[in-house]
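Structural overview for review
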Amino acid sequence: MNYPVWYVPTFGGGLLIALVAIVHVFVSHFAVGGGLYLVLAERKALREKNQAIMAFVRKHTKFFMLLTMVFGGLTGVAIWFIISLIHPAATSLLIHTFVFGWATEWVFFLVEIVALFVYFYTFGKMDDRTHQAIGWIYFGAAWMSLFLINGIIDFMLTPGSWLATSNFWDGFFNPTFWPSLFFRSFISFMLAGCYGFLTATFLEDEQTRHRMIRYSGIWALVSLILSLPSGWWYISALPEQAGKLVTGASPTIARAATVAAFSMAALAGLLITLILLNPKARTRGLIVVVMIAAMGYMGAFEWTREAARRPYVINQVMYSNGILAKEVERINLEGFLKNAKWVKHKEVTEANQLEAGRELFLHQCFACHTVGGFNNDIVSRTKNMSFGAMRKYLATIHEKRYFMPPFVGNETELKALAAYLTAGLHQKPLVEAASAADDRGQMLYEENCAACHAADQLQPKMVGWSQEKIRTALDKLAALNPAMPDYDAPPADKDAMAGYLFGLNNPEAAAPAKIQGGTLYDENCAVCHGIDQIAPNLKTWSRQKVRSSLDNLSAINPAMPDYTGTAAEKEALTDYMVQQAGGAQ
Amino acid sequence: MNPSSLIPVADSLTAHWGWFQFLLMLTFPLHLLAMNAMLGSALIAFVAHLFPGQQYRDLSHELAKALPFLVAFTVNLGVAPLLFVNVLYGHLLYTSTVLMGLFWLSVIPILIIAYYLAYIYDFSFKRLGNAGMFIVLLVLALLLLVGFFFSNNMTMMIAPTSWERWFSVSNGSLLNLADPTLLARYLHMITGALAVGGLCVALYAQVVLKRQPLVAEAGVRIGMQCFSWLTLLQLVVGTWFLLTLTPEVLKGFMGGDTLATAYFGAGLLLALATLVTGFRRQVLATVWLTVPLVYLMSFMRDSVRSGYLAPYFDPATVPVSVQWSPLLLFLISLVVGLALVVWMLMQLPSLKKSARQD
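Residues numbered from 1 in each chain as written. Chains lettered and ligands numbered in written order. Predicted model: local features only at pLDDT ≥ 70, side-chain atom pairs only at ≥ 80, totals over all residues.

A few points about the overall build of chain B
The helix and strand inventory of chain B stands at 12 helices and zero strands. By the compact-globule yardstick of 21 Å for 358 residues, chain B fits well, its C-alpha radius of gyration being 21 Å. Seen along its three principal axes, the alpha-carbon backbone of chain B occupies a region of about 65 × 45 × 40 Å. Evaluated residue by residue, chain B yields a buried proportion of 47% over its 358 residues. (Helix = DSSP H or I, 4+ residues; strand = E, 2+ residues; numbered from the N terminus. Rg over C-alpha atoms; globule rule 2.2 N^0.38 Å. Buried ≥ 20, exposed ≤ 12 C-beta atoms within 10 Å, placed from the backbone.)

Topic: the overall build of chain A
The secondary structure content of chain A amounts to 29 helices and two strands. Oriented by its inertia axes, the alpha-carbon framework of chain A measures out at about 100 × 55 × 45 Å. For chain A, with 585 residues in total, the buried portion stands at 51%. A separation of at least 24 residues holds for 73% of the contacts in chain A among residues at least 6 apart in sequence. (Contact = placed C-beta atoms within 7 Å.)

A closer look at the interface of chain A and chain B
Residue-level contacts link 53 residues of chain A with 53 residues of chain B. For the side of chain A that touches chain B, the secondary-structure elements that each account for two or more residues are α2 (51–86), α3 (88–97), α4 (99–121) and α5 (128–157) of chain A. Among the elements that line the side of chain A that touches chain B, the one with the most residues is α4(A), at 17 residues. The residue inventory of the side of chain A that touches chain B, partitioned by class, reads 39 nonpolar, 11 polar and three charged. (Nonpolar A, V, L, I, M, F, W, Y, C, P; charged D, E, K, R; others polar.)

Concerning the nonpolar core
In terms of nonpolar packing, the biggest core is built from 290 residues, with Ala115(A), Leu417(A), Met38(B), Ala42(B), Leu67(B) and Val139(B) touching the most fellow members. Ranked by residue count, the leading element in this core is helix α2 (residues 54–99) of chain B, at 24 residues. Aside from chain neighbours lying at most four places away, what touches Met38(B) is Leu67(B), Leu70(B), Val71(B), Thr74(B) and Leu143(B). (Core = buried A, V, L, I, M, F, W, Y, C linked by C-beta atoms within 7 Å.)

Focus on the confidence of the model for chain A
Mean pLDDT for chain A: 86, with 92% of residues reaching 70 or above. Helix α20 (residues 440–448) of chain A is the least confidently modelled element of chain A, averaging 69 in pLDDT, while helix α7 (residues 168–172) of chain A averages 97, the highest of any element. (pLDDT = per-residue confidence, 0-100.)

Focus on the domain arrangement of chain A
According to the domain assignment, chain A consists of domain 1 (12–319), domain 2 (325–426) and domain 3 (437–580). Look at where the C-alpha atoms of domain 1 of chain A and domain 3 of chain A centre, and you get two points 53 Å apart. (Domains from an automatic or database assignment.)

Details of the packing of helix α1 (residues 12–47) of chain A against helix α12 (residues 284–308) of chain A
Residue and element names in this part refer to chain A. Close contact between α1 and α12 brings their axes to 10 Å; oriented N to C, the two are set at 120 degrees. Of the possible angle classes, the one that applies to α1 and α12 is oblique. Between α1 and α12 lies a crossing of right-handed hand. Between α1, through Ala21, Ile22, Val25, Phe26 and His29, and α12, the contact on the second element is made entirely by Met295, Met298, Gly299 and Glu302. Broken down by class, the residue content of the contact of α1 with α12 amounts to six nonpolar, two polar and one charged. (Axes fitted to C-alpha atoms, helices over the stretch in contact; angles between N-to-C directions. Parallel < 35°, antiparallel > 145°, perpendicular 65-115°, else oblique. Left-handed = near helix turned anticlockwise from the far one by under 90°.)

Some words on the environment of Gly269(A)
Assignment of secondary structure puts Gly269(A) in helix α11 (residues 251–276). Judged by the 12 C-beta atoms lying within 10 Å of it, Gly269(A) falls in the exposed class.

What about the environment of Arg280(B)?
With respect to the helices, strands and loops of the structure, Arg280(B) is situated in the loop between α9 (258–279) and α10 (283–309). Along the chain, Arg280(B) and His188(B) lie 92 residues apart, while their C-alpha atoms are 24 Å from each other.

Here's the deal with α1(A)
All names here are of chain A. Spanning 36 residues, α1 covers 53 Å between terminal C-alpha atoms, matching the ideal 52 Å at 1.5 Å per step. When the local axis directions of α1 are compared, the greatest deviation, roughly 30 degrees, occurs at Gly33. One or two residues past the end of α1 sits Lys49, with phi positive at roughly 50 degrees. (Expected span 1.5 Å × (residues − 1). Bend = angle between axes of the 7 residues up to and from the residue.)

Digging into unusual backbone geometry
Residue and element names in this part refer to chain A. The linkage connecting Arg310 with the following residue, Pro311, adopts the cis geometry, with an omega of 5 degrees. With respect to the helices, strands and loops of the structure, Pro311 is situated in the loop between α12 and β1 (312–314). Phi is positive for Lys49, which is not a glycine, with a value near 50 degrees. If you trace the backbone, Lys49 turns up in the loop between α1 and α2. Here Lys49 falls in the exposed class, since 8 other C-beta atoms lie within 10 Å of it. Backbone geometry at Ser166 places phi at a positive 55 degrees, although glycine is not the residue there. On the secondary structure map, Ser166 appears in the loop between α6 (162–165) and α7.

Below is the structure:
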């Protein structure tokens, strides 16, 4: 709200950050662990007076320099560029809070560059002791860079007592600082071992190749094993909400965890194979798989760390959309648009509702949602919801799904956002939700049909129609009369309306339960799964099973929030779902 | 729409703003010097390809070897001033960055390509032969393009009146082309950069390449000619840039602001002096005059920024809540870091040898 938004609907900011960050993370961790790998491999060559190994280390240094200094250095700058584009407010907060931490990191970056240049260009031209010392300086400076960045990155996840004190050191040495430092250090050694593999396969001399592959393998395997307890320590240090997300409440993290587990298992297996294998044959194909598995492990970890922070970009401080948590209450009272700098409409009116809604979307949702794009597409995620349902959903969005930030603003603004997300994106009708559940179908009818034909005119035409027939007819109104526009609404709305129309000729029918159930489903479940999606799964379920599952939804899927409705509402919801699935067994 | 209403709220500072201003003014000229040396080396490496003779091939080759170092140090020395500018003017810079997001982000791939091309030019110099000149020309063109994007961002961040365009174009494809200062400022920067770059090449040739007299002579000659003629041209380009400034800012340099006028007067005198030493090919004397000149020029550039921002923002008004220990951490690290750098450079075989000879 304080800043303009870079609007790239197809990619969205999140995906771009993820792409740049994941690439950088591999290379930058390699830059740390690789420093240690180089000096120790050089020492091995010196001790064993092995020229072939020394030549290998030298060649590996060139590869290392070209990869880490050019690609690593510039993708590091790229992260800075991209986060200031996507999260300017958060970047500003991090820069201002930790400016001298960043400045210190810059000093180590300078030392790293000089050390690596000197190390590479003086191979064989400097006495061994001094050359080794330069190598150690490189590793020390690179590890210090990790030390510093680690503090700032973990601050974003666990700001700890900084929240109360605003003290630099409280933020820096935050609750996850140490576990993360150990974890990242081991990961960086593991990556160094994996990259060492890759370069070792290019060695012509078979014996040296074999030895360096084995050497790299032991490096990677030991580091991998050591990374596990530190990773566990990391997760245990997470605060309650983040911990919950990591242990199953977030679908993205659940996916990342699966990737991590498979990658880790594959990595360990392959490493052991490589160490034990007599590599008479070239093993490059195998090593490519090792690299991919190592990246899968690391990438899943980074993804988890990022996702565990949700709905914040800086935990407890700033939401992903740049809104400060401490300002929410005030803005709710005063209105978001009035407080936002980069909006055209400072107030919602009837005429500008959709435009204002779009501005609210841009400043509150676009940070994570693309519009018809690759990642978290808002269009497909809102297609099942009506305006009324959307309004209700937005009002408690953060309570229903913790990892979504709350809507910030007043009631009129919430309505405008709901209007944009339904009428703006899907041309859905802007009808208010019925005040009483069994009025809903009638209300929808009145909003959509009554202008041309009153209910009492229509009633005699539908004598003898089953509810299913009415429901089907609502899907293709143009077939009844080519002049009639299609009723473009979510299935639940049509169900509700069909129930109402059926009731006109069958007042004794148990329509209300169906209507209410449809409404409840629409408001509570449809944002993640339309009834059409789950109906096939429910076909084999008994009514009793459906009913009891509503008491404990997280048992079906840890990512699913429990349904908190009353017993009567659960019954109605059960009736609706069973009916939609093709009748109770 | 009132442009002031678009300016984001600045975050509070953790040290008096003067510290950041001091560090910015200290480190930015270092970035400029490295950047100038980088552009100058690329230009003269290219130009040397056009002359017949082994000494010119060798000159290009020596510059090809230096180029990757210069790119690395330009990037590194750019990080510090960019950080301090983020602290003082971040809320303005991020805004203009969002407006030109596509171009701003493209700086990274462009730099990566230029950097790798510089390595190719270096490592494959002999194999490439004269084809190398096209590679180094491409490197130069890419780096100049990066400079153009920087000029856009730096002028757009101080021109909130141009920000309203975001409401019609929000995909990050805005540049600051309508700004009357942009082209003059960019050309002023580039002319200055290539001139000082020429001087850096002359210095490198005279000091480092002295064991190859013919190469050194070629380097000093082309470098000093480049410096002197471009500095002469700068009198025209610089005046043009000065005249594109708003009357209020211009008046600052013409007596309205004592400090700005002093920078301008001293800068002009130094520039004229470098013309004399430059055309006489007195490398060291020119270097001693140029380093303070580059500092003065960055101070003037800062005055322009303050002048343009005067109606909107003054960093001195940002709230401060001081924390000394992080600043201390930085200063100690800086001393230790620089000591390590000096020690490592002293271990270089070439430096050790010349120390023994002395």
